[in-house]
Amino acid sequence: QVQLAESGGGLVQAGGSLRLSCAASGRTFSTYALGWFRQAPGKEREFVAGISWSGGSTRYLDSVQGRFTISRDDAKNTVYLKMNSLKPEDTAVYYCAANSRRRRVEVYIQDYDSWGQGTQVTVSS
């Protein structure tokens, strides 16, 4: 497992942008598939975006496709989520997660075995 720490959340107006970062510890970071999830008040945690261990494959929640971009920099042990054209419905706590068992993108919470503490994103209308 790795230790994960998110940053970059905050308050932004609708239509604005934010970039979330997730720094990881551990020498095997480059072998993990990574994901971003979010949880809004009163709702279940949901998959937002994922990237394979090589970075060659990505996958997105339909409602963020074309607005969000996930990327990774293995030299910095960091995964990013660039969020553009933000909407009030994007408001949530965003979590990064690592999957040490599979290298492909997975969308289910149970496939990830390391989680960050979360960072709040609030989009005002």
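Relevant structure appears above.
On a predicted model such as this, the values are computed, not experimentally measured, just so you know. (Residues numbered from 1 in each chain as written. Predicted model: local features only at pLDDT ≥ 70, side-chain atom pairs only at ≥ 80, totals over all residues. Heavy atoms only, no water.)

**A closer look at the sheet that holds strand E1 (residues 4–7)**
Formally: DSSP-based pairing: two strands are paired if at least 2 bridges between them are found. Numbering goes from the N terminus for both helices and strands, where a helix is a DSSP run of H or I of at least four residues and a strand is a run of E of at least two. Axis angles are defined between N-to-C directions and span 0 to 180 degrees, where every axis is a line fitted to C-alpha atoms and, for a helix, only to the segment in contact.
Spatial ordering of the open sheet is given by E1-E3-E8-E7, a layout of four strands whose pairing is antiparallel. Of all the strands in the sheet, the pair left with one neighbour each is E1 and strand E7 (68–73). When the angles between neighbouring strand axes are averaged without regard to direction, this sheet yields 15 degrees. Examined bridge by bridge, strand E3 (residues 18–24) and strand E8 (residues 78–83) share six bridges and lie antiparallel to one another. Each bridged residue has a counterpart across the sheet, and for alanine 23 the counterpart in E8 is threonine 78.

**Quick notes on the side chain of arginine 67**
Note the threshold: Exposure classes here rest on a 1.4 Å probe applied to the protein chains alone. A residue is buried below 20% of its type maximum, exposed above 50%, and partly exposed in between. Residues adjacent in sequence count toward polar contacts only when both atoms are side-chain atoms; beyond that, a polar contact is any pair of N or O atoms within 3.5 Å, and within protein one must be able to donate a hydrogen and the other to accept it. The criterion used for residue contact is that any of the two residues' heavy atoms lie within 4.5 Å.
With respect to the secondary-structure elements, arginine 67 resides in the loop between strand E6 (58–60) and E7. The exposure class of arginine 67 is buried, given its relative accessible area of 11%. Engagement of the side chain of arginine 67 in a polar contact is seen with the backbone oxygen of serine 63, the distance being 2.9 Å. When sequence neighbours within four positions are dropped, the list of residues in contact with arginine 67 reads Lys82, Met83, Asn84, Ser85, Leu86, Lys87 and Asp90.

**Describing the packing of aromatic side chains**
Short version of the rule: Working definition: rings of Phe, Tyr and Trp (its six-membered ring) pair if their centres are within 6.5 Å, and the pair is stacked with planes under 30 degrees apart, edge-to-face with planes over 60 apart, and tilted otherwise. Both a distance and an angle decide whether a charge sits over a ring: NZ of Lys or CZ of Arg must be within 6 Å of the ring centre and within 35 degrees of the ring normal.
Tallied over the entire structure, the rule returns four aromatic pairs. In this structure an aromatic cluster arises from ring pairing among Phe37, Phe47, Tyr112 and Trp115. Directly above the ring of tryptophan 115 sits arginine 45, whose terminal nitrogen or CZ lies 5.0 Å from the centroid. The residue whose ring lies beneath arginine 72 is phenylalanine 29, and the NZ or CZ to ring-centre distance is 5.2 Å.

**Remarks on the environment of serine 17**
With respect to the helices, strands and loops of the structure, serine 17 is situated in the loop between strand E2 (10–13) and E3. We classify serine 17 as partly exposed; its relative accessible area is 38%. Along the backbone, serine 17 and valine 123 are 106 residues apart, and their C-alpha atoms lie at a distance of 9.6 Å. Apart from the residues lying within four places of it in its own chain, the contact partners of serine 17 are Val12, Lys82, Met83, Asn84, Ser85 and Leu86.

**Focus: the pairing of E3**
In terms of residue burial, E3 counts as a mostly covered element, since five of its seven residues are buried. Here E1 pairs with E3 via four bridges, running antiparallel. The residue of E3 that forms the bridge with leucine 4 is alanine 24.

**Some thoughts on the state of the cysteines**
Note the cut-off: Throughout, disulfides are identified as pairs of cysteine sulfur atoms within 2.5 Å of each other.
Evaluated as defined, the whole model comprises one disulfide. Cysteine 22 shares a disulfide with cysteine 96; S-S distance 1.9 Å. Here the disulfide of cysteine 22 and cysteine 96 is right-handed, its torsion about the S-S bond being about 45 degrees. One end of the pair, cysteine 22, is in strand E3; the other, cysteine 96, is in strand E9 (residues 92–99), with 74 residues separating them in the sequence. With respect to class, cysteine 22 is no different from cysteine 96; both count as buried.

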